[in-house]
Amino acid sequence: MFFERPEGGETAVLVHLDLDSERDQEDPVEFEELVRSSGSDPVCFIKGSRRSPDARTFAGQGKLEEIACAVREHEAELVLFNHTLSPSQERNLEKALKCRVLDRTGLILDIFGQRARTYEGKLQVELAQLQHTVTRLKRGWTHLDRQKGGVNLRGAGETQLEMDQRMIQQRMKQINKSLEKVRLQREQGRRSRKRAEVPVVSLVGYTNAGKSTLFNAMTEANIYAADQLFATLDATLRRIQVPSFGESILVDTVGFISHLPHKLVQAFRATLEETIQADLLLHVVDVSNDNHDFFIEQVHEVLTEIGADEVPCIQVLNKIDCVEGMQPRIDRHEDGSPARVWVSAKAGLGLDLLLEAVSECLGKDVIQTWLSLAPEQGRLRARLYARGAVISERTEDTGKLMLQVKMPRNDYERLLAEDALHQDA
């Protein structure tokens, strides 16, 4: 497959091989999207099949010659493999093709490096890149790698390769220390939210499922959202008012992808803890994508890996405006609890149903009752309305205000203690 000659960006030859030895094959279409998201311009897509990868160059000799011809013909600067290559395979391929070679993990790391914006995000990406690079350092100054006997023949002792490895290890220690400080800050913030008893709702899902668009629609925020893989990396928190429940924290997290490199999962542990510690997960799914069932499985695998598979979860089937005949609705489990909500974040469809489902899941320990307020307690009345706790209101002949409220039991008990409210059955 050939592409039009690009006007800008690093020209790249793409390689995808179907292997009999691999059960879970990577998606070529997703691979092409990853390449375009990285800013590279594909000029040729070479596909093939093998029983198993070649130990030296991953691809066989015939396929290697085909790739080399494509590199020369298109004057490509980069060859990208939709597979995980060993360090020796990368080096052998670069020597044979006479250009830079990256595997799928290296490509994803490059995209993450471009998209990181915050201090924490940059540290996380740098750590993952260093973990990936330390095994791929090429041997340098090989004439110094051995200490020879004899007069004036003793080597320098430490090779350039060893010096590079030591410098990388030192930098990784510095980054881990900095990330530990960030983790402690996040933990302090989580403890503060727990003391205030503000529940946390975390958005999770496959990359480009529409999480950031949904986050903007629910919070009226303006974080970056685009139709591309890994448009945003940094966790963003905003307060939202959940009708018939009260205040909550909504968290937008990094998107997942099939076979997410383990180095990235480790590096983004501090960010992913927002998901682990959440009270409720909203699993956003691009229902317009034909592979959405596979994407759901991949997200479940990552959630299990980070220990978030036991957190209560609602599936949010997004982009229903792209599928003919789909309307907003709530699907429920046999016990009546919300299971799935069909929405369109971009068109604003079904967001009220989503908030209703969130309210039901968070409000399992919610109390609904009547409160009696004196006329001078107007400020408290305004507070109750501001948090969306008031269902109905009436005024008694005596001038007292009767408010029917629905709110978390802990918040209600705190109000009783602070404001000496009176409850009427």
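Keep in mind that what you see is a predicted model, and the values were worked out from it rather than measured.

Points about the environment of S52
Then step 1. Examined against the element boundaries, S52 turns out to sit in the loop between β2 (41-50) and α2 (61-74).
Then step 2. The spatial distance from the C-alpha of S52 to the C-alpha of D18 is 9.1 Å, given a sequence separation of 34 residues.

Some words on the packing of helix α7 (residues 211-219) against helix α11 (residues 351-362)
For any two helices packed against each other, one specifies the inter-axial angle together with the distance between the axes.
Then step 1. It is at 11 Å that the axes of α7 and α11 come closest, and there the two elements cross at 85°. Considering the angle they form, α7 stands roughly perpendicular to α11. Of α11, the residues touching α7 (which contributes L214, A217 and M218) are L351, L354 and L355.
Then step 2. Across the contact of α7 with α11, the residue classes break down as 6 nonpolar, no polar and no charged.

A few points about the pattern of salt bridges
Then step 1. In this structure the tally under the stated criterion is 13 salt bridges.
Then step 2. For K63, the salt bridge identified is with E66, shortest N-O distance 3.1 Å. With a gap of 3 residues between them, K63 and E66 both fall in helix α2, about one helical turn apart.
Then step 3. A relative accessible area of 37% means that E66 is categorised as partly exposed.
Then step 4. Salt bridges sharing common partners tie together R329, D331 and R340.

Let's talk about the packing of helix α1 (residues 28-37) against helix α4 (residues 104-115)
Then step 1. Where α1 contacts α4, the axes come no closer than 9 Å and their chain directions differ by 40°. Relative to α4, the element α1 lies oblique. Along this stretch, α1 crosses α4, giving a crossing that reads as left-handed. Here E30, F31, L34, V35 and S37 of α1 lie close against α4, whose contacting residues are R104, L107, I108, I111, Q114 and R115.
Then step 2. Grouping the amino acids of the contact of α1 with α4 by side-chain chemistry returns 6 nonpolar, 2 polar and 3 charged.

Some remarks on α2
For an α-helix, the turn length of 3.6 residues means that residues three or four places apart are oriented alike.
Then step 1. Spanning 14 residues, α2 covers 20 Å between terminal C-alpha atoms, matching the ideal 20 Å at 1.5 Å per step.
Then step 2. Listed in full, the buried residues belonging to α2 are L64, I67, A68, A70, V71 and H74. End-on, the buried residues of α2 take up no more than an arc of 160°, which puts them together on one face. In α2, those exposed residues whose orientation departs by more than 90 degrees from the buried face are Q61, G62, R72 and E73.
Then step 3. On its buried side, α2 packs onto β1 (11-19), β2, β3 (78-81) and α3 (87-97).
Then step 4. At the exit of α2 stands E75, carrying a positive phi of roughly 50°.

Quick notes on the sheet that holds strand β6 (residues 236-242)
Either a parallel or an antiparallel arrangement is found when strands of a sheet pair, and the pairing is made through backbone hydrogen bonds.
Then step 1. Here 7 strands make up an open sheet; going across it, the order is β6-β7-β5-β8-β9-β11-β10 and the pairing mixed. The open sheet has two edge strands with one neighbour each: β6 and β10 (329-332). In this sheet, neighbouring strand axes are inclined to one another by 25° on average, regardless of whether the strands run parallel or antiparallel.
Then step 2. In the sheet, strand β5 (residues 200-205) pairs with strand β8 (residues 280-286) via 5 bridges, with the strands oriented parallel. Following the sheet pairing, V201 is matched in β8 by L280.
Then step 3. On the sheet, helix α10 (residues 292-306) packs against β5, β8 and β9 (313-318) and is oriented at approximately 150° with respect to β8.

A look at the environment of L317
Then step 1. With respect to the element layout, L317 can be found in strand β9.
Then step 2. We classify L317 as buried; its relative accessible area is 5%.
Then step 3. Those residues in contact with L317 that lie beyond four places of it in its chain are V285, V287, R340, V341, W342 and V343.

Quick look at the pairing of strand β7 (residues 246-252)
Then step 1. With respect to burial, β7 is a largely interior element, 6 of its 7 residues being buried.
Then step 2. Across 4 bridges, the pairing between β5 and β7 is parallel. Pairing of V201 across the sheet is with L250, part of β7.
Then step 3. In the sheet, β6 pairs with β7 via 7 bridges, with the strands oriented antiparallel.

Regarding the nonpolar core
Then step 1. In this structure, F31, L80, L107, F256 and L303 are the most contacted members of the largest nonpolar core, which totals 34 residues.
Then step 2. No other element matches the 5 residues that α10 contributes to this core.
Then step 3. With near-sequence residues (within four places) excluded, L107 lies in contact with F31, L34, V35, S38, L80 and L102.
Then step 4. Grouped together as the second largest cluster of nonpolar side chains are 26 residues, V284, V343, A345 and A357 included.

Brief notes about unusual backbone geometry
Among all residues save glycine, negative phi is the norm, and among peptide bonds the norm is trans.
Then step 1. Here E75, not a glycine, exhibits a phi torsion of approximately 50°, which is positive.
Then step 2. Of note, E75 is situated in the loop between α2 and β3.
Then step 3. Look at E75 and you get exposed, because its relative accessible area is 60%.
Then step 4. The backbone of K319 sits at a positive phi, close to 65°, despite the residue not being glycine.
Then step 5. Among the secondary structure elements, K319 is positioned in the loop between β9 and β10.

Basis of the calculations
- Residues numbered from 1 in each chain as written.
- Predicted model: local features only at pLDDT ≥ 70, side-chain atom pairs only at ≥ 80, totals over all residues.
- Heavy atoms only, no water.
- Helix = DSSP H or I, 4+ residues; strand = E, 2+ residues; numbered from the N terminus.
- Axes fitted to C-alpha atoms, helices over the stretch in contact; angles between N-to-C directions.
- Parallel < 35°, antiparallel > 145°, perpendicular 65-115°, else oblique.
- Contact = heavy atoms within 4.5 Å.
- Nonpolar A, V, L, I, M, F, W, Y, C, P; charged D, E, K, R; others polar.
- Salt bridge = Lys/Arg side-chain N within 4 Å of Asp/Glu carboxyl O.
- Buried < 20%, exposed > 50% of the residue type's maximum accessible area, 1.4 Å probe, protein only.
- Left-handed = near helix turned anticlockwise from the far one by under 90°.
- Expected span 1.5 Å × (residues − 1).
- Arc of directions from axis to C-beta.
- Pairing = 2+ DSSP bridges.
- Core = buried A, V, L, I, M, F, W, Y, C linked by side-chain atoms within 4.5 Å.

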